[in-house]
Amino acid sequence: MEFFILLAACGTFAGVTTVLFGFGGGFVVVPLLYQALLHLPGAAGPGASHAMQIAVATSTCVMIFGSALATAKHQRAGSLDWAVIRPLLAFIGIGSALGAAAATAIEGGWLRWAFIVYVSLTILDCWFRPGFLSQPRKANASPPAMTALTGVVIGSIAALLGVGGSVMTVPLLRRQGVSMTGATAMANPLSLPVALVGTATYAALSWAVMPPQSSGYLGYVDLRALVALVLGSCVGIRLASAFIGRIPDHIHARVYIGLLMAVVLAMLLA
């Protein structure tokens, strides 16, 4: 019960970050679930030796629900540009299959450090390279046309680390003059192919890896954790929807970086 309540609370926070920051829940879910599986009594069961893979795979599955709900909220708020989103969806799906397949083949310790290194580089890039924290106002700024290769790379990294489309799309769109509201909004539908294809790939490739006594798992996906996280995420998304477009841009950008710093710290202390 302690495990369920903790993850539901985490899911609520993940829902908030999904709507407001396009995280898809992964930046919150991966470190917390990883720590819970290692340290919380009764949480891990037979999956303890695959804690990082389980955290990444479960996070990817949670994104199906969180990103879909957040996309619907942003669609109603009018903050999505489908002309940018549609051409990338298929290529992100291809990249997601590649990234999920790679994650099932990588030892958990290496996957953890890959997560830490990538998020740390994202923080440094956002903080020091011009165009993210502050940007000159551009009248009628339009998002860039992103290539098929960009979509494959986004999908690969997002599924490998279980973090959704925000890891690359938000900084990229920011530097093209897009507001934080617009950039984080578009990260949600771009996370959907990551979630759908990535989850299917994790389930298929990890089916034979988990011990036969590991009931409650679909391959690496922890079904108990999934239920708790999805329920909490629905609450968080509902609460955060009222703030779409209402956070000042410069504050929005700084909180985004602050959350990434907290995630890296949590993973380093795991």
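Residues numbered from 1 in each chain as written. Predicted model: local features only at pLDDT ≥ 70, side-chain atom pairs only at ≥ 80, totals over all residues. Heavy atoms only, no water.

**Description of helix α8 (residues 180–206)**
Spanning 27 residues, α8 covers 36 Å between terminal C-alpha atoms, matching the ideal 39 Å at 1.5 Å per step. If you look at α8, its biggest bend is around 30°, right at L190, and the proline P193 turns up within four residues after that. Counting buried positions along α8 gives 21 out of 27 residues, so the element sits mostly inside the fold. (Helix = DSSP H or I, 4+ residues; strand = E, 2+ residues; numbered from the N terminus. Expected span 1.5 Å × (residues − 1). Bend = angle between axes of the 7 residues up to and from the residue. Buried < 20%, exposed > 50% of the residue type's maximum accessible area, 1.4 Å probe, protein only.)

**Topic: the packing of aromatic side chains**
Tallied over the full model, the rule gives one aromatic pair. Judged by centre distance (5.4 Å) and plane angle (45°), the ring pair of F132 and Y256 falls under tilted. Taken together, the residues F132 in the loop between α5 (108–128) and α6 (148–161) and Y256 in helix α10 (residues 249–268) connect sequence positions 124 residues apart. Summarising the burial analysis for this pair, F132 and Y256 share the class buried. When the ring centre of W113 is taken as reference, the NZ or CZ atom of R112 above it lies at 5.2 Å. One cation-aromatic arrangement involves R174 over F132; the distance from NZ or CZ to the ring centre is 5.5 Å. (Phe/Tyr/Trp six-rings, centres within 6.5 Å; stacked < 30°, edge-to-face > 60°. Lys NZ or Arg CZ within 6 Å of the ring centre and 35° of its normal.)

**Structural notes on the nonpolar core**
For soluble globular proteins, the rule of thumb is that nonpolar side chains tend to be buried together. In terms of nonpolar packing, the biggest core is built from 79 residues, with F27, L33, M52, F115, F132 and Y256 touching the most fellow members. Tallying contributions element by element places helix α3 (residues 51–77) first for this core, with ten residues. For L33, the contacting residues outside a window of four places in its chain are F3, L7, I54, A55, T58 and A225. (Core = buried A, V, L, I, M, F, W, Y, C linked by side-chain atoms within 4.5 Å. Contact = heavy atoms within 4.5 Å.)

**Observations concerning the pattern of salt bridges**
By the definition in use, this model includes three salt bridges. Among the ionic pairs, D125 bridges to R129, the shortest N-O distance being 2.7 Å. Of the charged contacts, one joins D222 and R224 as a salt bridge, the two residues approaching to 3.5 Å between their closest N and O atoms. A relative accessible area of 0% means that D222 is categorised as buried. (Salt bridge = Lys/Arg side-chain N within 4 Å of Asp/Glu carboxyl O.)

**As for a nonpolar patch on the surface**
A cluster of nonpolar side chains, W113, V117, L121, L124, W127, F128, M261, L265, L268 and L269, forms an exposed patch at the surface whose accessible area comes to about 1100 Å². When contributions to the nonpolar patch are tallied by element, the ones reaching two or more residues are α5 and α10. Counting residues per element, the nonpolar patch draws most heavily on α5, which supplies six residues. Looking at the element boundaries, M261 is found in helix α10. (Patch = residues over 30% accessible without salt bridge, like charges linked within 9 Å, V, L, I, M, F, W, Y side chains within 5 Å. Areas by Shrake-Rupley, 256 points an atom, 1.4 Å probe, with all protein chains shown as cover.)

**A few points about the confidence of the model for the chain**
Looking at the chain as a whole, the pLDDT averages 82, with 87% of positions reaching at least 70. Taking the mean pLDDT of every element in the chain, the minimum, 79, falls on helix α2 (residues 26–39) and the maximum, 90, on helix α9 (residues 223–240). (pLDDT = per-residue confidence, 0-100.)

**What to know about the side chain of R112**
With respect to the helices and strands, the residue R112 is situated in helix α5. R112 gets classed as buried once you look at its relative accessible area, which sits at 11%. For R112, the side chain forms a polar contact with the main-chain oxygen of M267, separated by 2.7 Å. (Polar contact = N/O pair within 3.5 Å; in protein donor to acceptor, adjacent residues only side chain to side chain.)

**What about the environment of G236?**
With respect to the helices and strands, the residue G236 is situated in helix α9. Overall, G236 belongs to the buried group, its relative accessible area being 0%. Between the alpha carbons of G236 and G11 there is a distance of 7.2 Å; along the sequence they are 225 residues apart.

**Observations regarding the environment of P31**
Note that P31 resides in helix α2. Each C-alpha atom of the pair P31 and A262 lies 10.0 Å from the other, and the pair is 231 residues apart in sequence. Leave out the neighbours within four places in its chain, and P31 touches G26, F115, V263, A266 and M267.

**Quick word on α10**
Here α10 contains 20 residues, and its C-alpha end-to-end distance of 29 Å stays within 8% of the 28 Å for a straight helix at 1.5 Å per residue. Residues H252, A253, Y256, I257, L259, L260, V263, V264 and M267 constitute the buried set of α10. Angular distribution of buried residues about the axis of α10 spans 155°; they occupy a single face of the element. Buried positions along α10 lie against α1 (2–21), α2, α3, α5, α7 (166–174) and α8. (Arc of directions from axis to C-beta.)

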